[in-house]
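Residue strings, one per chain:
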2 protein chains.
Amino acid sequence: MSDTKSPALRLNGPVLLQQLRELGEIGADPVAGGRTRVALTDDEKAGRDQLVAWMRELGLDVQIDRIGNIFGTLPCAPGARDAAGAMPRPLMMGSHIDTVINAGALDGCYGVLGGLAVARAFRDAGIVPSRPITVVAFTNEEGARFHPDMMGSLVHAGGLPLDEALDAIGTDGARLGDELVRIGYAGEMAPGTLVPHEYLELHIEQGPILEAEGLEIGVVENLQGISWQQITVQGNANHAGTTPTRLRHDAGYVAAATVAELRRIAVESGTTLATVGTMQLEPGVINVIPRKAVFTVDMRDPDEQRLTQSEARLADFLTKTAAQEGVRISTQRLARFEPVMFDAELTAAIEASAKRLGLSYKRMTSGAGHDAQMIARIAPAAMIFVPSRGGISHNPREHTDDAQLVRGAEVLLDVVARRLGAGQ
Amino acid sequence: MSDTKSPALRLNGPVLLQQLRELGEIGADPVAGGRTRVALTDDEKAGRDQLVAWMRELGLDVQIDRIGNIFGTLPCAPGARDAAGAMPRPLMMGSHIDTVINAGALDGCYGVLGGLAVARAFRDAGIVPSRPITVVAFTNEEGARFHPDMMGSLVHAGGLPLDEALDAIGTDGARLGDELVRIGYAGEMAPGTLVPHEYLELHIEQGPILEAEGLEIGVVENLQGISWQQITVQGNANHAGTTPTRLRHDAGYVAAATVAELRRIAVESGTTLATVGTMQLEPGVINVIPRKAVFTVDMRDPDEQRLTQSEARLADFLTKTAAQEGVRISTQRLARFEPVMFDAELTAAIEASAKRLGLSYKRMTSGAGHDAQMIARIAPAAMIFVPSRGGISHNPREHTDDAQLVRGAEVLLDVVARRLGAGQ
């Protein structure tokens, strides 16, 4: 294999790291730690303003669409227009800059600023790309204030009508469309205008696998399907000391038995992950049998058929247990996404770049949801992961070593350069 | 068996039912339903004042001790003094008149006003008893504001130092001793002064057994031991989508598995009851593995050895599961009472009276805690139960039919009459 990377295309690691730190200061909480830039708040507006300023410094053409997605485009040579005079579709890179509460500095931001670093490498080298390079920050990926999450990329991909998204009501009662206007990011471009030729998203793993296996790069070839449900069990409240076990209709027991069954489902399936993150018991008194239990179920599997099987096994268990215990169970679907297979050609390109740069890597599944899964509906897409220390994310302790962050961006640059023929 | 009941000793059912209704009006909540007379509040003071007025109407000698227990005594004949000139110990009946929040009208009040009804029968018949008859209302049985519950009877029986009880701080920050003074019920008599010759407590079952079996009277021969624990599981919060099952330290799963194990312990023991009434998960987010779970365990068994075995089985399960899941578990004991065996002679007397009055009955265990279990430390004690509709208590829907309430009090009167030789 020859060295095919242009010596002129060089990733400026220090600037990337400096921008990650600077963006991470916006919304920082000196007491609780981390930073909070929940979508369409004043702090997130400040983050958007900084990003737009950096895009303009690089001479990118900044466009905002009606859901607030920010696109910064490095144009290609005018001669690249097709026969009809249209510009080629852009090679797009990006992620999001909104955060959860008390977040780390890397989730999302690394993909956006990594994209900027690639554009910067082209600028610094004076190379005009063969097709436009667009860096995007999608609106409201986290869903911490407005549902659904991954909203900007979902609207961009045509999966959610714009008006419905604009009418989303936040946890604070605010309407999303009004908040976009308030912070000055209700753009004029129709969502979906900029359909990517290909889409690449650089991201921290947010899981423990790369670190545990001592690897530097994750070549993300697919993304798990996600099933979110809220389950409500209605039993009878009765005295803990006087109600024989056989006469109980214990909503809390049924909820707990379901959590235990979900662990069995996960272990026996081999691929399904199942998590119960929330549970409320009513009335919540030490000597009263719970009359009501409300809990959530998060199930994931990279294989749609196995995810469906695990959902069915859960439903069977609920039906059987409801009858045994004499309780009523209702289930509300909160979210459901089928697994996503990323583009084989793009993942092969990522693997080749990791190899070429002498980095250790593995092909892997993304456990978390990402904007790339929405964009995969309209264009070839793939993702590049770098390790997360301890698998920790959505937490001030989220961390990836600087050298690993730079290596991930170098892989992204190498892939882009080769896709655009600039490195050959 | 001859008819040994004096024709002159007659239970006045209408007055008993009227007093239950009147006392039940004090602290009534017309919106939420039920009534709230939490210990040593203004509403409970109003209930105490009403009770004392009724005692005085019957010519009872009212005494208040330093923990606020109210005693109303119908004296015996002066000639009943012993050789040393001391009056015989009283036959004592009673319970409590404090309530939980939005309570029924019967829990506790029925035992106190049933005792008054017995004293009234003696007064109405003009019979002077062979030993004093004392009706008692113990302070703070419910423990809704001040811990521990069953406090007045526990202090009376010498199981809790007076000063410690007076220093109890309520859920509202008030000191119990100060509240007693404020409402005018800090009496002067030393606790434990009036040691009963025998103690009888009439109470609603607060459980479903009598109703389910179509029986009128419960002859309570023992009271379950109670073990209350709070268990804290400390795991690691991690992303629900990216953390393989084998790498999880899921505090919520461990809590749920413990609830499921407690059901197995209950079923396999045959006698242990186990309830988890409260559970909190942290951080409580749908896609985050819980880092912390806090839950309570209420275990009861009429047999001390089996209760200890069930506690040990729970402890073993926690140790084993903590190691398997890689979590830390700590256990805090909140309360522990050994089972109480009531007095065999008194329970036989209750059974005989139920039979004599032609009532259906069964010997049974009290699942709930009662003042009688404390008084059993210092005197022969027993309890009489009447059915609770649906087993419901601590709730505005608590209900026992009037006819059943009257029959229970008639059993109490018959037992007292025979213990005092007045019915023969």
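Nothing here was measured: the structure is a model prediction, and the numbers come from that model.

Peer 1: What exactly am I supposed to notice about the UniProt feature "binding site: Zn(2+) 1" (unreviewed entry) in chain A here?
Peer 2: All names here are of chain A. As annotated in UniProt, the feature "binding site: Zn(2+) 1" (unreviewed entry) corresponds to His96, Asp107 and His203 in the numbering used here. Across 108 residues, the annotated set stays spatially compact, with a maximum C-alpha separation of 10.2 Å. Following the sequence through the fold, His96 ends up in strand S3 (residues 91-96). As for its position among the elements, His203 is in strand S5 (residues 198-204).

Peer 1: What is the right way to read helix H9 (residues 304-325) of chain A from this model?
Peer 2: Quick reminder: α-helices carry 3.6 residues per turn. Residues three or four places apart thus point the same way. The end-to-end C-alpha distance of H9(A) is 31 Å, a good match for the 32 Å that 22 residues give at a rise of 1.5 Å each. Contact partners of the buried residues in H9(A): strand S7 (225-234), helix H8 (251-269), strand S10 (292-301) and strand S11 (328-337) of chain A together with helix H8 (251-269) of chain B. Two or three places before Gln305(A), at the opening of H9(A), Asp303(A) has a side-chain oxygen 3.1 Å from that residue's backbone nitrogen. Two residues or fewer past H9(A), Gly326(A) is found with a positive phi of approximately 70 degrees.

Peer 1: How should I be thinking about empty space enclosed by the protein in this particular structure?
Peer 2: Rolled over the atoms, a probe with the dimensions of a water molecule shows which regions are left empty. Applying the stated criterion across every chain yields a total of four cavities of 30 Å³ or more. Taken as a whole, the largest cavity spans an internal volume of roughly 110 Å³. Of all the secondary-structure elements, those providing two or more residues to the lining of the largest cavity are H8 and strand S8 (273-275) of chain A together with H8 and strand S9 (279-282) of chain B. Considering only residue class, the lining of the largest cavity consists of nine nonpolar, two polar and three charged. For the second largest cavity, the calculated volume is near 90 Å³. Forming the boundary of the second largest cavity are Thr245(A), Arg248(A), Asp250(A), Tyr253(A), Val259(B), Leu262(B), Arg263(B), Ala266(B), Ala274(B), Thr275(B) and Val276(B). Those elements that provide at least two residues to the lining of the second largest cavity are H8 and strand S8 (273-275) of chain B. It is H8(B) that contributes the most residues to the lining of the second largest cavity, four residues altogether. The residue makeup of the lining of the second largest cavity, split by class, is six nonpolar, two polar and three charged.

Peer 1: Help me understand the interface of chain B and chain A in this model?
Peer 2: For an interface, size is often stated in terms of accessible area lost upon the parts coming together. Opposite the 52 residues of chain B that make contact, chain A presents 52 residues. Overall, the association of chain B and chain A removes approximately 4100 Å² of surface from exposure, summing both partners, and the carbon and sulfur fraction of that is 62%. Per-residue buried area on chain B facing chain A is highest for Thr242(B), Arg263(B) and Ile286(B); these three make up 17% of the total on that side. Where chain B packs against chain A, one counts two salt bridges. The partner of Arg263(A) in a salt bridge is Glu325(B), with the nearest N and O atoms 2.8 Å apart. Counting residues per element, the ones that place at least two in the side of chain B that touches chain A are H8, S8, S9 and strand S10 (292-301) of chain B. Tallying contributions element by element places H8(B) first for the side of chain B that touches chain A, with eight residues.

Peer 1: Whenever I open this one, helix H2 (residues 42-57) of chain B confuses me. Can you help?
Peer 2: Residues and elements named next belong to chain B. The end-to-end C-alpha distance of H2 is 23 Å, a good match for the 22 Å that 16 residues give at a rise of 1.5 Å each. Within H2, burial applies to Glu44, Gly47, Arg48, Leu51, Val52, Trp54 and Met55. Buried residues of H2, viewed axially, fall in a sector of 160 degrees; they line one side. Those residues of H2 that are exposed and aimed more than 90 degrees away from the buried face are Arg56 and Glu57.

Peer 1: Can you walk me through the UniProt feature "binding site: Zn(2+) 2" (unreviewed entry) in chain A in this structure?
Peer 2: Residues and elements named next belong to chain A. Mapped onto this structure's residue numbering, the UniProt feature "binding site: Zn(2+) 2" (unreviewed entry) falls at Asp107, Glu142 and His394. The greatest C-alpha distance among the residues just named is 9.8 Å, despite their covering 288 residues of sequence, which places them together in space. If near-sequence neighbours (up to four positions away) are discounted, Asp107 is found in contact with His96, Glu142, His203, Ile204, Gln206, Ser393, His394 and Glu398. Among the polar contacts listed, one links the side chain of Asp107 to the side chain of His203, at a separation of 3.1 Å. Once you skip the residues sitting within four places of it in the chain, His394 turns out to touch Val100, Asn102, Asp107, Glu142 and Gln206. A polar contact is formed between the side chain of His394 and the side chain of Asp107, at a distance of 3.1 Å.

Peer 1: Is there a simple way to think about the domain arrangement of chain A in this case?
Peer 2: Residue and element names in this part refer to chain A. Partitioning chain A into structural domains gives domain 1 (13-223 + 339-419) and domain 2 (230-337). Look at where the C-alpha atoms of domain 1 and domain 2 centre, and you get two points 36 Å apart. A combined buried area of about 570 Å² lies between domain 1 and domain 2, and 61% of that area is made up of carbon and sulfur atoms. Taken together, the connections running from domain 1 to domain 2 amount to zero salt bridges. Run the count over domain 1 and domain 2 and you get one residue pair in polar contact (both at pLDDT 80 or more).

Peer 1: Explain the relation of the copies chain B and chain A to me, please; I cannot follow it from the model alone.
Peer 2: Here two copies of a chain appear, and what relates them is a rotation about an axis with a shift along it. In the superposition of chain B on chain A (RMSD 0.2 Å, axial shift 0.2 Å), the rotation amounts to 180 degrees. In symmetry terms, the pair is related by a two-fold rotation axis. Closest approach to the rotation axis within chain B is made by the C-alpha atom of Ala256(B), at a distance of 2.1 Å. Of the residues that chain B buries at the interface, 100% are likewise interface residues in chain A, meaning the two copies contact each other through the same surface.

Peer 1: I would appreciate a short explanation of the pairing of strand S1 (residues 61-64) of chain B in the present structure.
Peer 2: A regular strand carries its side chains on alternate faces of the sheet. Residue and element names in this part refer to chain B. The alternating pattern of S1 places Val62 and Ile64 on a buried face, while none of Asp61 and Gln63, on the opposite face, is buried. Bridge count for S1 against strand S2 (residues 70-74) is four bridges, and the pairing is antiparallel. Each residue of the ladder has a partner; that of Asp61, found in S2, is Thr73. In sequence, S1 turns back onto S2 through a hairpin of five residues, with Gly68 there showing a positive phi of about 90 degrees.

Peer 1: Is there a simple way to think about the environment of Ser330(A) in this case?
Peer 2: Residue and element names in this part refer to chain A. Along the chain, Ser330 falls in strand S11. Ser330 gets classed as partly exposed once you look at its relative accessible area, which sits at 43%. Expressed as a C-alpha distance, the spacing of Ser330 and Thr232, which sit 98 residues apart in the sequence, is 5.3 Å. Setting aside its immediate chain neighbours within four residues, Ser330 contacts Gln230, Ile231 and Thr232.

Peer 1: How should the pattern of salt bridges be read in this particular structure?
Peer 2: Residue and element names in this part refer to chain A. On inspection of all chains with the given rule, the structure shows 50 salt bridges over all chains. Notably, a salt bridge pairs Glu268 with Arg313, separated by 2.8 Å at the nearest N-O pair. Of this pair, Glu268 sits in helix H8 while Arg313 sits in helix H9; the two residues are 45 residues apart in sequence, bridging distant segments of the chain. Using a relative accessible area of 28% as the deciding quantity, one classes Arg313 as partly exposed.

Peer 1: Explain the packing of H8(A) against H9(A) to me, please; I cannot follow it from the model alone.
Peer 2: How two helices pack is summed up by the angle between their axes together with the distance between the axes. Residue and element names in this part refer to chain A. H9 packs onto H8 with a crossing angle of 150 degrees between their chain directions and a minimal axis gap of 10 Å. Taken together, the axes of H8 and H9 are roughly antiparallel relative to one another. As H8 packs across H9, the resulting crossing turns out to be right-handed. Along the contact surface, H8 presents Tyr253, Val254, Ala257, Thr258, Glu261, Leu262, Arg264, Ile265, Glu268 and Ser269, while H9 presents Ser310, Arg313, Leu314, Phe317, Leu318, Thr321 and Glu325.

Peer 1: Teacher, can you tell me more about the side chain of Ser153(B) here?
Peer 2: Residue and element names in this part refer to chain B. Here Ser153 shows up in helix H4 (residues 151-156). For Ser153, the side chain forms a polar contact with the main-chain oxygen of Met150, separated by 3.3 Å. Filtering out sequence-adjacent residues up to four positions away, Ser153 remains in contact with Asn69, Phe138, Asp371, Met374 and Ile375.

About the cut-offs
Residues numbered from 1 in each chain as written. Chains lettered and ligands numbered in written order. Predicted model: local features only at pLDDT ≥ 70, side-chain atom pairs only at ≥ 80, totals over all residues. Heavy atoms only, no water. UniProt positions renumbered as here; feature names shortened; annotations may be inferred. Helix = DSSP H or I, 4+ residues; strand = E, 2+ residues; numbered from the N terminus. Expected span 1.5 Å × (residues − 1). Contact = heavy atoms within 4.5 Å. Polar contact = N/O pair within 3.5 Å; in protein donor to acceptor, adjacent residues only side chain to side chain. 1 Å grid on protein atoms, 1.4 Å probe; cavity = no way out; pocket = protein on both sides within 12 Å on 5 of 7 lines; lining within 4 Å. Points joined across faces, edges and corners; volume = space filled by probe spheres on them. Nonpolar A, V, L, I, M, F, W, Y, C, P; charged D, E, K, R; others polar. Buried area = accessible area lost by both parts, 1.4 Å probe. Salt bridge = Lys/Arg side-chain N within 4 Å of Asp/Glu carboxyl O. Buried < 20%, exposed > 50% of the residue type's maximum accessible area, 1.4 Å probe, protein only. Arc of directions from axis to C-beta. Domains from an automatic or database assignment. Least-squares fit on C-alpha atoms with pLDDT ≥ 70 in both. Pairing = 2+ DSSP bridges. Axes fitted to C-alpha atoms, helices over the stretch in contact; angles between N-to-C directions. Parallel < 35°, antiparallel > 145°, perpendicular 65-115°, else oblique. Left-handed = near helix turned anticlockwise from the far one by under 90°.

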